[in-house]
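# Survey of secondary and tertiary structure
Spelled out, the chains give:
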Amino acid sequence: SSGAPDVRRCRGEPGAASAATSAMESSSSSRLPLREDSEDEFLGLVPESAERACTRRPANRTYVVAAGICLLGLVAWFARSGSPVQERHLSRTIVSLASEHKCHTARKGEPCYVDVQWAMTIGIQGHRDWYDAPCPSLTAESSFEAFQACVYKINQTSCPLPCNPDRGAADESSTTLKPSSDEAHTEDKEPPQDHPCHIARRGERCYDAVIDAMTSGFASSENGLTTESTFEDFQAVLHSADASSICPRPCSCHTAKTGEACYQHVMWAKITGIGGHPEWYRGLSQESTIEEVQAYLHKDAKGSCELPCNPMGDISVRAPPPHAKPAVEEAARETDSGAIDAAPGAQHFDAEHESHCSTAVKGQTCYDDVMFGVKQGITEHPEWYPGLSASSSFEDFQGVLHRNPELQCPKPCPCKTAVVGDKCLKNVQWVLREGIDQHPHWYQGLTVRSRFEAVQQRLHEDTNTTCAPPCTAAEWHSTTLFCFAVFRSEGYELELVRAQYGKRVGIFGCDEFAVLSDRPQRLGDAAGSLVSLMIPANERVGVSKDGTAANTEVFMQAWGVLWREARWRAHDWVIKADPDCVVIPSRLRQHLKSHTGKAVYVKNCMKYVGAGWPMMFGSLEAFSNQAMELYFKGAQKCKDTMQWQAWGEDLFMGNCLNMLGSQSIFDGGLIGDNVCKGANCKDGNVASFHPFKSVDSWFKCYHEAMG
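Residues numbered from 1 in each chain as written. Predicted model: local features only at pLDDT ≥ 70, side-chain atom pairs only at ≥ 80, totals over all residues. Heavy atoms only, no water.

Looking now at the overall build of the protein chain. If you tally the helices and strands in the protein chain, you get 27 helices and 18 strands. In the protein chain, which comprises 707 residues, the share counted as buried stands at 49%. Within the protein chain, contacts between residues separated by at least 24 positions form 65% of all contacts whose residues are at least 6 apart in sequence. By element, 52% of the accessible surface of the protein chain is carried by carbon and sulfur atoms, the whole surface being about 33800 Å². (Helix = DSSP H or I, 4+ residues; strand = E, 2+ residues; numbered from the N terminus. Buried < 20%, exposed > 50% of the residue type's maximum accessible area, 1.4 Å probe, protein only. Contact = heavy atoms within 4.5 Å. Areas by Shrake-Rupley, 256 points an atom, 1.4 Å probe, with all protein chains shown as cover.)

Below is the structure:
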């Protein structure tokens, strides 16, 4: 009929229609010979001409019919190809996905969910070879969706295609299919499945919503919940209900039971540890619940306790299980003498005293001894701290002091603040960059200005594997500075930056710092090395209208890197300094503290009087936290509307911030610059000096400035 699609257009050659008809007639009774990657090609990787022709909407026909006919045309095309072939069923899942254009990420209670969980916990560990060929990029750390994509690739009848597979891990199974309407929120509005999770706590909106759902008959066959479902099961359903859910994804959890190693740890803590060593269990008492003690031990990084489930969930939907009974009834009994005797399994656990860890806190003598080493001892007596450097963690210093019995420092708990390459790093950055802004009720107690370690600690409390407990955060000054420098990997700048880092001076004396370069560079020795962040390649650096480098685009890239890193948000001021600028952080704080909290940037040079002066010279730039928030929200507007191509980055930043509503202040003492009015390194009121392009001249100026 005139409304029938021309099947030949799916191939672009005569005869395709007859091949499609032949395939249609035999599809119900025979296997279709397909190339090994044919299903992936159908799902978005077919040659461009075939894909474009077969995805057109035929006139006067439904989309489903057209997709089915196009599918058969593609099958015929694959069948006729001369490539090596492998027999494979064209599964009902593929036909459904092709016709309905949907995907689905498995949920708890579905058979696919069970298969994926098995693959993640047992399969990948015990049968690595099963996954090497179909999914070579898959690892034990891959996301749920990546595993589901792999299970789908191995056996399409077991699992549907997930909505958000990681392209790297899912490999050939990655597609461009869009989710069905009831799952659309998982595609664009939330991070991947393995983004930070959180079990709701008392006082949070999600907690109240879960309790209400548990006690109001919300459970039904439609949502898969029963009166036996846990608190976390209810939270998971509420989280999946809609895109604006007040509930975050709950974490996997397990409350320790009799006979488990964690249970023995918990019982020893309740019966002996808390009473005998209360400083080891801050915030706990012998009346604390099993879950409270287990949660504390989970944070203790001993590796023997999982995150406990919410006990309120159990109490609300059914009688408490045996392990949730009051601790004294469960774990102790009265002896003839009236003393409390440990329950079976706990009485031989005195070794806990030897293996327990406790990181020192303020108010303890050990803390003072550690801080002396961090701030002064490592510089004056490095031989006292073998293997350590000024960049070593608080716990590293405490570990050294612990080996000296006279100092009475306990063994510190293991810690690891996330670094590049750790999955935890991306989760923390997401929370600081987007999560708190988008879902503040998920992260009560945190703000976008929370410290990196505080966010990592929160994520450690909420998950079992992604984030280790962070090391003790360094002490900051009352006016905090985040300083950074951009340097070239070739030439004098690398040597300058390495020398400054080795002495922890210049920008490395700020509260936090970063260095960025055109390629990763390691600064310092192995004990305290720092790796530079990489700026995406950019060759378009010319000469500005002022005769300086037209480097605006390079610094746009640098600012983008810092935005993704997110550490700057915790600080009062962001300082950009050239590598050849001698920076005195203590003086910067004095100059800037009275302007803290305002949306301002600092103009630092009054070389001339007249239009355009004073100016902000790029050798040292100071931006308040509030000014930087304005910039990151409006940077694209500046890039789109301003004629910046012939500008230096300092002129661009000043004009951009003016456009976005930031104020400017003038402080000629912020820098002494030979490009402006001169650099007198002996001037005790000036906070920085420029330019000093050799290591010797840089440190000569620095020592003159410091007296």
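A word on the packing of aromatic side chains. One pass over the full model with this rule turns up 24 aromatic pairs. When the ring of Trp568 is compared with that of Phe632, the centres are 5.0 Å apart and the planes differ by 35°; the resulting orientation is tilted. Of the two residues, Trp568 is situated in the loop between helix H23 (552-565) and strand S12 (573-577) and Phe632 in helix H25 (residues 625-641); the sequence distance between them amounts to 64 residues. Exposure remark for Trp568: the relative accessible area of 2% places this residue in the buried category. Here the guanidinium or amino end of Arg504 rests over the ring plane of Tyr501, the centre of that ring lying 3.9 Å away. A cation sits over an aromatic face here: Arg567 above Phe452, 3.9 Å from the ring centre. (Phe/Tyr/Trp six-rings, centres within 6.5 Å; stacked < 30°, edge-to-face > 60°. Lys NZ or Arg CZ within 6 Å of the ring centre and 35° of its normal.)

To continue, consider the environment of Trp476. Summarising the element assignment, Trp476 is placed in the loop between helix H21 (452-462) and strand S5 (481-487). Once you skip the residues sitting within four places of it in the chain, Trp476 turns out to touch Arg451, Asp511, Glu512, Ala570 and His571.

Before going further, it helps to spend a moment on unusual backbone geometry. Of note, the bond from Trp613 into Pro614 is cis; its omega dihedral lies within 30 degrees of zero at 0°. Note on placement: Pro614 falls in the loop between strand S14 (600-603) and strand S15 (620-624). A cis amide bond links His690 to the next residue, Pro691, at an omega of -5°. We note that Gln408 has phi near 55°; this positive angle belongs to a residue other than glycine. Tracing the backbone shows Gln408 in the loop between helix H19 (394-402) and helix H20 (423-438). Under the relative-accessibility criterion, Gln408 is labelled exposed at 70%. Despite not being glycine, Arg504 has its phi angle at roughly 55°, a positive value. Positionally, Arg504 belongs in the loop between helix H22 (492-503) and strand S6 (512-517).

Together, Trp118, Ile122 and Trp130 line one region of the surface with nonpolar side chains, adding up to about 320 Å² of accessible area. Within the element layout of this structure, Ile122 appears in helix H6 (residues 111-126). (Patch = residues over 30% accessible without salt bridge, like charges linked within 9 Å, V, L, I, M, F, W, Y side chains within 5 Å. Salt bridge = Lys/Arg side-chain N within 4 Å of Asp/Glu carboxyl O.)

Here we come to the state of the cysteines. Scanning all chains against the criterion turns up 13 disulfides. Bridging Cys357 to Cys413, the disulfide has an S-S length of 2.2 Å. Taking the sign of the S-S torsion, 95° for the link of Cys357 and Cys413, the bridge is right-handed. With Cys357 in the loop between helix H17 (351-355) and helix H18 (365-380) and Cys413 in the loop between H19 and H20, this pair connects stretches of sequence that are 56 residues apart. Between Cys581, a free cysteine, and Cys701, which holds the nearest cysteine sulfur, the sulfur-to-sulfur gap is 8.9 Å. On the basis of relative accessible area, Cys581 is assigned to the buried category, the value being 1%. (Disulfide = S-S within 2.5 Å.)

Let us now look at the pattern of salt bridges. Close approach of charged atoms allows side chains with opposite charge to pair. This structure, assessed with the given rule, holds 17 salt bridges. Measuring nitrogen to oxygen at the nearest pair gives 4.0 Å for the salt bridge that ties Lys362 to Glu475. Of this pair, Lys362 sits in the loop between H17 and H18 while Glu475 sits in the loop between H21 and S5, and the two are 113 residues apart along the sequence. Exposure remark for Lys362: the relative accessible area of 63% places this residue in the exposed category. Residue Arg488 pairs with Glu493 through a salt bridge whose shortest N-O separation is 3.5 Å. You can call Glu493 buried: its relative accessible area is 10%.

Before going further, it helps to examine the packing of helix H11 (residues 205-215) against helix H12 (residues 231-241). Between H11 and H12, whose axes approach to 9 Å, the crossing angle comes to 105°. As judged from the angle between their axes, H11 and H12 are roughly perpendicular. Contact with H11, carried on its side by Cys206, Tyr207, Ala209, Val210, Ile211, Ala213 and Met214, involves Phe231, Phe234, Gln235 and Leu238 of H12 and no other residues of that element. Along the lines of polarity and charge, the residues of the contact of H11 with H12 split into 10 nonpolar, one polar and no charged. (Axes fitted to C-alpha atoms, helices over the stretch in contact; angles between N-to-C directions. Parallel < 35°, antiparallel > 145°, perpendicular 65-115°, else oblique. Nonpolar A, V, L, I, M, F, W, Y, C, P; charged D, E, K, R; others polar.)

Of all 11 residues in H21, nine are buried, a share of seventy percent or more. Here H21 has its buried residues at Phe452, Glu453, Val455, Gln456, Arg458, Leu459, His460, Glu461 and Asp462. On its buried side, H21 packs onto helix H14 (290-299) and H20.

Pairing between sheet strands relies on hydrogen bonds along the backbone, with the strands arranged either parallel or antiparallel. Strands sit in the order S13-S18-S17 across an open sheet of three strands; the sheet is mixed. One side of each edge strand has no neighbouring strand; the edge strands of this open sheet are strand S13 (582-583) and strand S17 (672-673). Examined bridge by bridge, S13 and strand S18 (residues 688-690) share two bridges and lie antiparallel to one another. Opposite Val582, over in S18, you have Phe689 as the bridge partner. (Pairing = 2+ DSSP bridges.)

Turning to the nonpolar core, a few remarks are in order. In this structure, Phe484, Leu516, Trp559, Tyr631 and Phe652 are the most contacted members of the largest nonpolar core, which totals 34 residues. Of all the elements in the fold, those that place two or more residues in this core are S5, S6, H23, H25 and helix H26 (649-660). In terms of residues, this core owes the most to one element, H23, which gives seven residues. Beyond its immediate stretch of four places on either side in the chain, Leu516 contacts Phe484, Ala485, Val486, Phe487, Leu533, Ile535, Ala558, Val561 and Leu562. Judged by nonpolar contacts, the second largest core, of 28 residues, contains Leu481, Leu530, Cys581 and Ala622. (Core = buried A, V, L, I, M, F, W, Y, C linked by side-chain atoms within 4.5 Å.)

Once that is clear, we can look at the environment of Cys424. Mapping Cys424 onto the fold places it in helix H20. Cys424 sits 35 residues away from Leu459 along the chain, and the two C-alpha atoms are 8.4 Å apart.

All right, on to the side chain of Asp650 then. Along the chain, the position of Asp650 falls in helix H26. One buried charged residue, Asp650, remains without a salt bridge, the closest side chain of opposite sign being Lys576 at 6.7 Å. When near neighbours in sequence (up to four residues on either side) are disregarded, Asp650 contacts Met616, Phe617, Gly618 and Glu621. (Lys, Arg positive; Asp, Glu negative; His and termini not counted.)

All quantities given are derived from atomic positions and should not be read as evidence of function.
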